[in-house]
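Chain and residue survey
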Amino acid sequence: MKVDITQYDTNEKSTWCPGCGNFNIHLALKKALVELGKQPSEVVLSFDIGCNGNGGDKIEGFRVKGLHGRSIPFAVGAHIANRKMTVIADIGDGGCLHEGVDHLIHGIRSNYDITVLIHNNENFGLTTGQITSTTKEGKAMYGFPNGRTEGAINIGELVLSLNPSFFARGFSGDPEQLSNIIKSGIKHKGFSVIEIVQICPTYNPESSLEILKGKISQTESTNDIDLARKKIKDTEKIYTGVIYTNSKLKDYYSNLENRKNRKSELVDEVKNYDIMNILSDLQ
Amino acid sequence: MPKFTLILMKDRFSIKFGGHSGQGINMLGGFLSKALRDLGYAIFAYREYPSIIKGGYASYKIDFSSSEIFSSSKKTDILVCISLGALDEYLPSVSKNGIVIHSVKDFQLSRENAKYIQENNIKIVFIDTSLITQEEQASLIMGNIVLLGVLWKIFNADLSILEKIVVDYFSKKEGTDIEAEKRCLKAGYNIEGINDLSIKDLPKIVSTKWNESIVLTGNHGIALGAIAAGCRAYYAYPMTPATSILEILGNTYQKTDIVVKQAESEITAIQMVMGSMYMGARAFTATSGGGFDLMTESISCSGTTEIPLVIVLGQRAGSGTGVPTWSGASDLAVALHSGHGEFPRCVLCASDPIDCFELIQDAFNISEKYQIPVILLTEKQIAESIFNISRLPSSRKIKRGIVQNGEKRYILTKSGISPRWLPKVGNKTYLTNSDEHNEYGISTEKEEDIVNMSEKRMRKIISLKREIPEPKYYGPKTPNIVFVGMGSTKNAVLDAMKISKKAVGYLHYKYIYPLSYGKIFKLSKKGVKLVLIENNQSSGFGRLIKEQSSFYISNTLNKFDGRPFFVDDILDYLKQ
């Protein structure tokens, strides 16, 4: 059945600031899903709390707006229960690198077959512009006129240090490329981490569309992790595209010995089970 | 030499194994539990151990009787020790005319212990297991099997019963010399010079049905109940006393095909449960107090999003890290009140493996039908003690309350239940929202929406209360005194009721919240003395009864020393 992009539209009014990167991120996401032929009812979107989460009612699909920082483990639970669904965790740099950074780390280690979109606008936007670990050094932020006291986290470096199976970086100013990246991430069988360099005109106007466009450089995918690291560490250029893949790593579910010969999904298996054979083993 | 006659608490007898952590105390206890059962006794076994891997001292205590028992006695009729520390520690718990068998060379009694032994006519027997194992060409560690043989001889029981259990166990373990184990067992059984220790007053074996019974911990009951109820995923982070659920479900996963995941934190575990339950699989998690605290934001989230959620809260002693491997029941308040905001929930509490087996199934049914978080309380005493039960009841019918498809996910209804349909290809999509929302799930800040949705959710408690069973009364028709309680307190009271000559009853609560309190009023009107019994200091259950019914039970029996109620505790109270 053909899918039309309008099937992903809702009637809810937008609440994002004019010029917010989220408009294009949603456009790119919808386009990717349409081009992959996914019906909205085949998609589970697990949203974080924050500006990105406020997009939960602006796109169709089975959407969940749960707890701050927890969109990854919720998405993982959903994926394990029913792998027929395309599961996407949608989270900001605050939720992902602060409140729930353990989920990112263990998600990569476990290589669950889901896609993670990290909206990196370099601040906590919805709570009016607090520091995150991607905020530029020295930039005055909410309550900290002299900028952050702590160090920074480079998302790409963190991800690549954990033997990931997929890392990509997109840009909200280039929805066409971002859409292709998201498509690759969904198709990849494993934990696909996509960092999205997101424009925040209200709390991060210094990183404007024009400035970022001057720094962005599209790159090709590699399976050479050292090369990928070199690109990530570059301070002059912001490389975008699928930066690193490792197709040799099996996804979590494929590693489950007891599920190897099972064709059904957990959601299809809820019924009364006879426990007598288990009970006699325990005696 | 005097003849040893043990004075028994009516029809009960007890044995305690003591040793270092890591010396195989649990294995010995397991052997003897099963052997006694196969001999025709009902058993109850209780473990005490420190929160360390090696060293310290640990014990495995078996009480047995001709009829069903559910709790331990304080004193020990026969103490079997394989380490000095355990011997010093447990000697004062040996009953009058009791026996101590040990393998500790050059053991010197402290002055205090020597006095105790003399005053109580306790016989101490040293078995040189290092010599015997050497003679039998067995390894030194098999000395514990020698002691088991000695014990079995004292009971004058058929060796083949015990031997079969030992052989069965070791044949499943690779690299063990089964013949050497058998030789050691026989050497202990045939040892000379212990004839005067034979016990004449063991409980009578009245029926042989116990040898067909099953031996389970509460956590086994939880795991088996979850399997029976169609649970397909278990996500957890290790924490005593819930940890062994992970072990049981993990070790059986090839047969059940359940996904068993050790998550990186309790928060991860509970979020994964919610993700799987949201999709329509059955999943749950289990933890103890500290881990539960970490989960509480998700409990509130479950309340608002109406995603079903099942959590087992295995209680242990203390706040903070507390006394991690010991028992208590002081987490009712957190089960009832955890999570910000106002939302409906259900709290259940188990007392034994049968409760565990049935209540985890109820938890899934209630959680799915009412789309609320359900918290099932257990205690270390229930989770890890070994109960002997004649059989498990048949499984509960699965009730899910799921519809094929729908229009408004959070439709306002009289019952408060908005029919739930699953996220599935072709179904109507919806937003599951932890923001306050309208009937479609869309975030709202309108007064009317906020009130309507909050009232809708709270109506589910009224609907649920209608199907919550009454508490169960145990005891005579016209009691003088009735204990009111939940959890493992039932077990000690029921055992004491068999011994005490007083007309004692027990009102047992399994369904804690919403609370059904009519029976308390009825008993009170009859003029019965009600006594609240709780394994905590501040009577959390009594506070709930007061809050819900305005009825205040002023008599209380509390215990909060990390130990469960022993049958003696109840008998002592009744003597007052």
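About the thresholds
- Residues numbered from 1 in each chain as written.
- Chains lettered and ligands numbered in written order.
- Predicted model: local features only at pLDDT ≥ 70, side-chain atom pairs only at ≥ 80, totals over all residues.
- Helix = DSSP H or I, 4+ residues; strand = E, 2+ residues; numbered from the N terminus.
- Rg over C-alpha atoms; globule rule 2.2 N^0.38 Å.
- Buried ≥ 20, exposed ≤ 12 C-beta atoms within 10 Å, placed from the backbone.
- Contact = placed C-beta atoms within 7 Å.
- Nonpolar A, V, L, I, M, F, W, Y, C, P; charged D, E, K, R; others polar.
- Pairing = 2+ DSSP bridges.
- Core = buried A, V, L, I, M, F, W, Y, C linked by C-beta atoms within 7 Å.
- Right-handed = clockwise from strand over helix to strand, strands pointing away.
- Arc of directions from axis to C-beta.
- Axes fitted to C-alpha atoms, helices over the stretch in contact; angles between N-to-C directions.
- Domains from an automatic or database assignment.

So, the overall build of chain A
Along the backbone of chain A there are 9 helices and 8 strands. In terms of C-alpha radius of gyration, chain A reaches 20 Å, essentially the compact-globule figure of 19 Å for 283 residues. C-alpha atoms of chain A, sized along the principal axes, occupy 65 × 45 × 40 Å. Looking at chain A as a whole, 52% of its 283 residues are labelled buried.

Considerations on the interface of chain B and chain A
The interface of chain B with chain A comprises 52 residues on the first partner and 48 residues on the second. Looking at the side of chain B that touches chain A, the elements that each hand over two or more residues are strand E7 (214-217), helix H8 (218-228), strand E8 (231-236), helix H10 (253-256), helix H11 (266-279), strand E10 (282-287), helix H12 (289-305) and strand E17 (431-433) of chain B. For the side of chain B that touches chain A, the leading source of residues is H11(B), giving 10 residues. Looking at the side of chain B that touches chain A residue by residue, the class counts come to 24 nonpolar, 21 polar and 7 charged. Note: strand E2 (residues 62-65) of chain A against E17(B), 3 bridges, orientation parallel. Across the sheet, A:Val64 pairs through a bridge with B:Thr432, a residue of E17(B).

Focus on the nonpolar core
Within the largest apolar cluster, 226 residues are counted, with the highest numbers of intra-cluster contacts made by B:Leu348 and B:Leu376. Considering every element that reaches this core, the biggest residue donor is H11(B), with 9 residues.

Quick notes on the pairing of strand E19 (residues 481-486) of chain B
Residues and elements named next belong to chain B. Most of E19 sits inside the fold, with 5 of its 6 residues counted as buried. In this sheet, strand E20 (residues 504-509) lies alongside E19 in parallel orientation, the contact comprising 6 bridges. Within E20, the residue paired with Phe483 across the bridge is Tyr506. One crossover worth recording links E19 to the parallel E20 by way of helix H17 (residues 489-499), and it is right-handed.

Some remarks on the environment of A:Met141
Residue and element names in this part refer to chain A. Secondary-structure assignment places Met141 in the loop between strand E4 (115-120) and helix H5 (155-160). Note on Met141: 21 C-beta atoms within 10 Å, which makes it buried. Through-space distance from the C-alpha of Met141 to that of Tyr203 is 8.2 Å; in sequence the pair is 62 residues apart. Beyond its immediate chain neighbours, meaning those up to four positions away, Met141 contacts Asn123, Gly129, Gln130, Ile131, Thr135 and Gly147.

Points about helix H19 (residues 540-549) of chain B
Count 3.6 residues to each turn of an α-helix, and residues three or four apart come out pointing the same way. Residues and elements named next belong to chain B. Those residues of H19 that sit buried are Phe541, Gly542, Leu544 and Ile545. Summarising the axial view, the buried residues of H19 lie within an arc of 160 degrees, below the 170-degree limit, and thus occupy one face. Looking at the buried side of H19, the elements it contacts are helix H13 (332-337), E19, helix H18 (518-525), strand E22 (529-534) and strand E23 (555-558).

Overview of the sheet that holds strand E3 (residues 86-92) of chain A
Taken in spatial order, the 9 strands of this open sheet run E7(A)-E8(A)-E5(A)-E6(A)-E4(A)-E3(A)-E1(A)-E2(A)-E17(B), and their pairing is mixed. Since the sheet does not close on itself, it has two edges, and those belong to strand E7 (216-218) of chain A together with E17 of chain B, each with one partner. Within the sheet, the average angular offset between the axes of one strand and its neighbour, ignoring direction, is 20 degrees. As paired elements, E3(A) and E4(A) share 5 bridges and run parallel to each other. Paired with A:Gly92 across the strands is A:His119, a residue of E4(A).

Overview of the domain arrangement of chain B
Residue and element names in this part refer to chain B. Per the domain assignment, the segments of chain B are domain 1 (12-212), domain 2 (216-389), domain 3 (402-467) and domain 4 (472-575). Broken down by secondary-structure element, the contributors of at least two residues to the side of domain 2 that touches domain 3 are H11, H12 and helix H14 (353-370). Element by element, the count of residues in the side of domain 2 that touches domain 3 is highest for H12, at 4 residues. For the side of domain 2 that touches domain 3, the per-class residue count stands at 10 nonpolar, 5 polar and 2 charged.

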